[in-house]
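Working through the structure, step by step
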Amino acid sequence: MATLMGDRDDPYLWLEDIAGADASVWVRDRNAETVAALAGDEAFTAMRSEIRQVLDSDERITYPGWCGDGLYYDFWRDETHPRGVWRRTTLDRYRSPEPTWDVLLDVDALAADEDENWTWSGASLLRPGCRRALVSLSRGGADAVVVREFDLSDGAFVVDGFTLPEAKSSVCWIDSDTIYVATDFGAGSLTTSGYPRVVRRWRRGTALADAAVVYEARTDDIAVYASHDSTPGFERDFVGRFVDFYRTENHLLTESGELTRLAIPEDARWDVHREWLVIRLRSSWAVGGTTYPAGALLAVRFDAFLAGDRQMTVLFEPDGRTALSHHHWTRNHLILAILTDVRSRLEVLTPGADGWRQTSSAGLSDLDHSRVVATDPERGDDYLDASEGFLQPVAMRLGQVGADSEILRREPAVFDAEGLTVRQFFATSADGTRVPYFVVGDPGAQGSPTLLTGYGGYEHSLTPYYSGVIGRGWLARGGTYAVANIRGGGEYGPEWHRAAVREKRPRAFEDFAAVATDLVARGITTPAQLAIEGGSNGGLLMGVMLTRYPALFGAVAAHVPLLDMRRYHRLLAGTSWIAEYGDPDRQADWAYLREFSPYHNVRGDLSYPPVLLVTSTRDDRVHPGHARKMAARLREHGHGVAYYENVDGGHGAAANNEQRAFLWALRLTFLWRRLAAPLLPAPRDPADESATAVVGEPN
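On a predicted model such as this, the values are computed, not experimentally measured, just so you know. (Residues numbered from 1 in each chain as written. Predicted model: local features only at pLDDT ≥ 70, side-chain atom pairs only at ≥ 80, totals over all residues. Heavy atoms only, no water.)

1. Section: the side chain of Arg 487
To be explicit about the condition: Labels follow the DSSP assignment, with helices taken as runs of H or I lasting at least four residues and strands as runs of E lasting at least two, numbered in each case from the N terminus. The term polar contact refers here to a pair of N or O atoms within 3.5 Å; inside protein, the definition further demands a hydrogen-donor-capable atom paired with an acceptor-capable atom, and it admits residues adjacent in sequence only when both atoms are side-chain atoms. Contacts between residues were defined by any pair of non-hydrogen atoms, one from each residue, lying within 4.5 Å.
On the secondary structure map, Arg 487 appears in the loop between strand E35 (480-484) and helix H7 (494-498). Within polar-contact distance, the side chain of Arg 487 engages the side chain of Asp 431 at 2.8 Å. Of the polar contacts made by the side chain of Arg 487, one reaches the side chain of Asp 511; its length is 2.8 Å. Not counting the four nearest positions on each side in its chain, Arg 487 is found in contact with Ser 429, Asp 431, Thr 433, Gly 456, Trp 496, Ala 499, Ala 500, Arg 507, Ala 508 and Asp 511.

What follows is the structure, given as structure tokens:
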């Protein structure tokens, strides 16, 4: 039986010392073993090369945003620019087969000039006009960033501009000379989760230490926030605190510094657009004589709400099969993305004198997924929409509410999908719940090597998507790919998520096991031919499958996984996840957490499928100690485990396409070999009719 340990009994606490000498030697030795076993032959090299080709392809579609200047902005990585370039172009140029871009910032050149391991972490543009930006740069892909002011006209950092040292900062423009800053101001300025607790209003030319404090969260909150709405005629400022991962306390902040509490449910999501307040409920809300259900989207005029009006207009109401995925404002309309059994559709809502009018958009196939990529309410009612499916490459459309959309770009296929189909099935979980899942592959294949993935947490939905990596590395080599939409996700709204939080977490695990069982029952695969993979919270899922349902699988891969549920809240950002999992320091919570904590349930008297654990030394969200200690414990009990830790990458485990290609090739090579799949030739790139290379192993 597994021995449940406390902190004092944990023999591998030393592996939590991220840069400790002993831990570093252990990591180096495990990496060497894994590289020697998996990455030393021509088959691996060919797999990595194919994946790198997909990741670096000039024909990829990125997802641009635009600002009030009408220019399209995106961030691009390829073989020439592994760290990437921040760039922009015009609509006319974006329409062309080979658009030209104006490079604003070359991160590779910056890293070389400054001898720093910079990776891009985004930019906040000053609206309206977008003449300045606050650029965030990370060392090695960590969540902590350095912030610098950038002049988009000059294409250079602003001398003596706004600058912040490395920290988990958040910044927001107020006007060209003033910003909100939440950062590490020194002792007492961070929460127990390691995020900023204090927000200040910082004016250009003054010392940060002299900036006025506008709001403070509590030490045991997750973080503080501040935002500014620059819409002409509707300028507003908001501050608040994240009480936990799902609850916020929100205030309207006046110029004089007065706070007005917004009487919105703490666990609701909300936004303001011009005269409107829109509220998306996560729990039912009884207000104004009416009870609104969880998952509903409500609208009310903002000023009327502040004055006490609680008569809401219901813009969306869920049912047992349908949930709201997201919504976006244009200048005059609200676009809703709705999921019905994990199939998407877009609807447009328009406020008017007689209420809200609703129309539906058309043109999407059943199993394709469409999402709004960007809108710019400053400019009008245009929107960018991307649609894709497991076998359908991304198509980027420019739409305008009330008019036909225009396909701006279409990504070419990077693997041969002839003979492959997408099917949706429903498995029955242990408590009778129907759990949807997608199966992609040859519908006539029986007992084929199958790769199943899932997540099941934080109300995050797994929707159909086109993956050239999975296509080249798995489907085109004869494998079947499956995606499980288990509880804990958001596929059916907040109730689907709430059904698997805290003490109900095992429902997510039962759902995933039910999908695995159903795949076998339908003859699609066998336990020996069924591999699973997942990351972060999905890595916790993989750990539980390994320790609780080992007979269902032939191989397991987990990246940046969460595995030690006794100490997760004491490592890096872990405290912020207590609302999702529970507090191990509370006896009642640890009583259920210890039942599924993978690290605490490794047994020596069970046969486990082989497992690969991948993490990053620079992951400052999920501590690499989770994967390190799990690997050590599995080794202690004689189980087959491969381990690889990338020195860069943050929570993504990779900082550039070279590292991404290596890690994907490592995972897929491991899974193919452990399933003992028959040797197959490398797939042909459908865009290259002359491709004839043959690879000796199906990596």
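2. Let's talk about the environment of Val 348
Here is the rule: Three labels apply to residues, based on accessible area from a 1.4 Å probe with only protein chains included: buried if under 20% of the type maximum, exposed if over 50%, partly exposed otherwise in between.
On the secondary structure map, Val 348 appears in strand E26 (residues 343-352). Residue Val 348 is classed as buried on the basis of its relative accessible area, which comes to 12%. For the pair formed by Val 348 and Gly 389, sequence separation is 41 residues and the distance between their alpha carbons is 22 Å. When near neighbours in sequence (up to four residues on either side) are disregarded, Val 348 contacts His 333, Leu 334, Ile 335, Arg 357, Gln 358, Thr 359 and Val 401.

3. Observations regarding the confidence of the model for the chain
Stated formally: Here pLDDT means the predictor's own confidence in every residue, given as a number from 0 to 100.
With 94% of its residues at a pLDDT of 70 or more, the chain has an overall mean of 92. Scored below 50 in pLDDT, residues 678-699 makes 50 contacts in the model with residues more than four places away or belonging to other chains.

4. What about the pairing of strand E11 (residues 178-182)?
For a regular strand, side-chain orientation follows a simple rule: the groups alternate between the two sheet faces. Selection rule: Between any two strands, pairing holds if DSSP finds at least two bridges.
A large share of E11 lies buried, amounting to 5 of its 5 residues. A two-sided burial pattern is seen for E11, the buried positions comprising Thr 178, Tyr 180 and Ala 182 on one face and Ile 179 and Val 181 on the other. Here strand E10 (residues 170-175) pairs with E11 via 5 bridges, running antiparallel. Each bridged residue has a counterpart across the sheet, and for Val 171 the counterpart in E11 is Val 181. Taking the residues that link successive antiparallel strands as the turn, the E10-E11 hairpin has 2 residues. Alignment of E11 against strand E12 (residues 198-203), held across 5 bridges, turns out to be antiparallel. Looking at E12, one finds that Thr 178 is bridged to Arg 203.

5. Section: helix H11 (residues 587-596)
Within H11, the full set of buried residues consists of Asp 589, Trp 590, Tyr 592, Leu 593 and Phe 596. Contact partners of the buried residues in H11: helix H8 (506-521), helix H9 (537-548) and helix H10 (578-581).

6. Section: the sheet that holds strand E13 (residues 212-216)
Rule in force here: Every angle, taken between N-to-C directions, lies between 0 and 180 degrees, and every axis is a line fitted to C-alpha atoms, over only the stretch in contact when it is a helix.
Reading across from one edge, E10-E11-E12-E13 is the order of the 4 strands in this open sheet, with antiparallel pairing throughout. Both outer strands of the open sheet, E10 and E13, are each paired with one neighbouring strand and no more. Across this sheet, the average inter-strand angle for adjacent strands is 25°, counted without regard to direction.

7. Side note on the packing of helix H2 (residues 42-56) against helix H13 (residues 657-674)
Convention followed: By the definition adopted for this analysis, an angle is roughly parallel if under 35 degrees, roughly antiparallel if over 145, roughly perpendicular if from 65 to 115, and oblique otherwise. The handedness criterion is simple: a crossing whose near helix is rotated anticlockwise from the far helix by less than a right angle is left-handed, and one whose near helix is rotated clockwise is right-handed. Each residue is assigned to one of three groups, with Ala, Val, Leu, Ile, Met, Phe, Trp, Tyr, Cys and Pro labelled nonpolar, Asp, Glu, Lys and Arg labelled charged, and all others, Gly among them, labelled polar.
H13 packs onto H2 with a crossing angle of 135° between their chain directions and a minimal axis gap of 8 Å. Between H2 and H13, the crossing angle belongs to the class labelled oblique. Seen along the crossing, H2 lies across H13 with a hand that is right-handed. Across from Phe 44, Met 47, Arg 48, Ile 51, Arg 52, Leu 55 and Asp 56 in H2, the residues of H13 making contact are Asn 657, Glu 658, Arg 660, Ala 661, Phe 662, Trp 664, Ala 665, Leu 666, Leu 668, Thr 669 and Trp 672. Counted by class, the contact of H2 with H13 contains 11 nonpolar, 2 polar and 5 charged residues.

8. Here we look at the pattern of salt bridges
The condition is simple: By salt bridge we mean one thing: a side-chain nitrogen of Lys or Arg within 4 Å of a carboxyl oxygen of Asp or Glu.
Under the definition given, this model contains 57 salt bridges. Note that Lys 629 is salt-bridged to Glu 16, the shortest N-O span being 2.8 Å. Remark: Glu 16 occurs in the segment before helix H1 (21-38) and Lys 629 occurs in helix H12 (residues 625-636); sequence separation between them is 613 residues. Assigned by exposure class, Lys 629 and Glu 16 land together as buried. Among the salt bridges present, the one from Asp 29 reaches Arg 28, with a minimum N-O distance of 3.6 Å. Connected through salt bridges with shared partners, the residues Asp 221, Arg 241, Asp 244, Arg 247, Glu 249, Arg 261 and Glu 266 form a single ionic network.

9. Regarding the packing of aromatic side chains
Geometry of an aromatic ring pair is reported as the spacing of the ring centres plus the angle between the planes. What counts is decided by this rule: Only rings of Phe, Tyr and Trp enter the pairing, Trp through its six-membered ring, and a pair is recorded when the two centres are within 6.5 Å. The plane angle decides the type: under 30 degrees is stacked, over 60 is edge-to-face, the rest tilted.
Enumeration according to the criterion identifies 31 aromatic pairs in this entry. For the pair Phe 512 and Phe 553, a centre-to-centre distance of 6.4 Å together with 40° between the ring planes defines the contact as tilted. Of this pair, Phe 512 sits in helix H8 while Phe 553 is found in the loop between H9 and strand E37 (555-559), placing the two residues 41 residues apart along the sequence. As far as burial versus exposure is concerned, Phe 512 and Phe 553 are alike and both buried. Taken together, the aromatic side chains of Tyr 73, Phe 75, Trp 86, Trp 120, Phe 150 and Phe 157 make up a single cluster linked through ring pairs.

10. Focus on the nonpolar core
For the record, the criterion: Throughout this description, the term nonpolar core refers to a set of buried Ala, Val, Leu, Ile, Met, Phe, Trp, Tyr and Cys residues connected via side-chain atoms within 4.5 Å.
If you look at the biggest cluster of nonpolar residues, it comprises 103 residues, and the most contacted ones within it are Leu 452, Phe 512, Leu 519, Tyr 581 and Leu 613. The greatest single-element share of this core, amounting to 9 residues, is contributed by H13. Beyond its immediate sequence surroundings of up to four residues, Leu 613 is in contact with Ala 558, Pro 561, Leu 563, Ala 627, Met 630, Ala 631, Val 641, Ala 642, Tyr 643 and Tyr 644. With 20 residues, the next largest nonpolar core counts Phe 75, Leu 105, Val 107 and Ala 111 among its residues.

11. A word on the sheet that holds strand E14 (residues 223-229)
Sheet architecture is open: 4 strands sit in the order E14-E15-E16-E17, paired in antiparallel fashion. Where the open sheet ends on each side, the last strands, each with one partner, are E14 and strand E17 (259-261). Taken over all neighbouring pairs, the strand axes of this sheet differ in orientation by 25° on average, direction set aside. Examined bridge by bridge, E14 and strand E15 (residues 236-242) share 7 bridges and lie antiparallel to one another. By the bridge assignment for E15, His 228 is matched with Asp 237.

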